[in-house]
Amino acid sequence: MAPESASLLRLGLLLVLAARVLPSVSGCNRHFYDAMISQLCLDKFKLDMEGLDRGLWCSWPDTTRIYEGLTNCTYQVALRVECFWPNQIVDDFFMRVHRSYFHDCAQTGRLLHDPPVSILAPFITVPVLVTLLMTAVVVWRSKRTEGML
């Protein structure tokens, strides 16, 4: 009987732990979270962006404070409603924000560019020269067979 009661005790303890952990894991109400970030965060972001000249919307130095506020707001709301952050709701939310406010912004400042020739040239020429030099040394050593056999 003692092994069965120990087994039941373990099972009961496991159920208590599961009851304690599972609500916090599955506690995110996705629709409520989406509504809250739309009401609290997006409305504040809209007000801040309307206060900024429309010509400056694509200027990162001018919008960074507002954008960071929006990001922080979505994070704080996620903590309050017990949702993980970031999540799919936040991704969709920021996609909507970008489609509404930043769709006309050029990507020139964010695109990757080749480095200048002054930096690129040494990274190309040095390995090529080392390869040629090593090839020449191998050919020269292979022609000199004296003392090797």
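Since we're looking at a predicted model, the values are computed, not measured.

Peer 1: Which residues make up the environment of Trp85, and what values do they have?
Peer 2: With respect to the secondary-structure elements, Trp85 resides in the loop between α3 (60-80) and α4 (88-101). Residues Trp85 and Thr74, spaced 11 residues apart in sequence, show a C-alpha to C-alpha distance of 8.2 Å. A polar atom in the side chain of Trp85 sits 3.1 Å from the side chain of Thr74.

Peer 1: Kindly report on the state of the cysteines, identifying the contributing residues and their values.
Peer 2: Using the criterion set out here, one finds 3 disulfides in the structure. Between Cys41 and Cys73 runs a disulfide, and the two sulfur atoms are separated by 2.0 Å. What sets the handedness of the Cys41 and Cys73 disulfide is the S-S torsion sign, and at about -80 degrees it is left-handed. Here Cys73 lies in helix α3 and Cys41 lies in helix α2 (residues 30-50), a separation of 32 residues in the sequence. One disulfide in the model links Cys58 with Cys105; its S-S distance is 2.0 Å. Since a negative S-S torsion denotes a left-handed disulfide, the Cys58-Cys105 link at about -90 degrees is left-handed. Note that Cys58 is positioned in the loop between α2 and α3 and Cys105 in the loop between α4 and α5 (117-143), a separation of 47 residues in sequence. The exposure class assigned to Cys58 is partly exposed, which follows from its relative accessible area of 44%.

Quick notes on the rules
- Residues numbered from 1 in each chain as written.
- Predicted model: local features only at pLDDT ≥ 70, side-chain atom pairs only at ≥ 80, totals over all residues.
- Heavy atoms only, no water.
- Helix = DSSP H or I, 4+ residues; strand = E, 2+ residues; numbered from the N terminus.
- Polar contact = N/O pair within 3.5 Å; in protein donor to acceptor, adjacent residues only side chain to side chain.
- Disulfide = S-S within 2.5 Å.
- Buried < 20%, exposed > 50% of the residue type's maximum accessible area, 1.4 Å probe, protein only.

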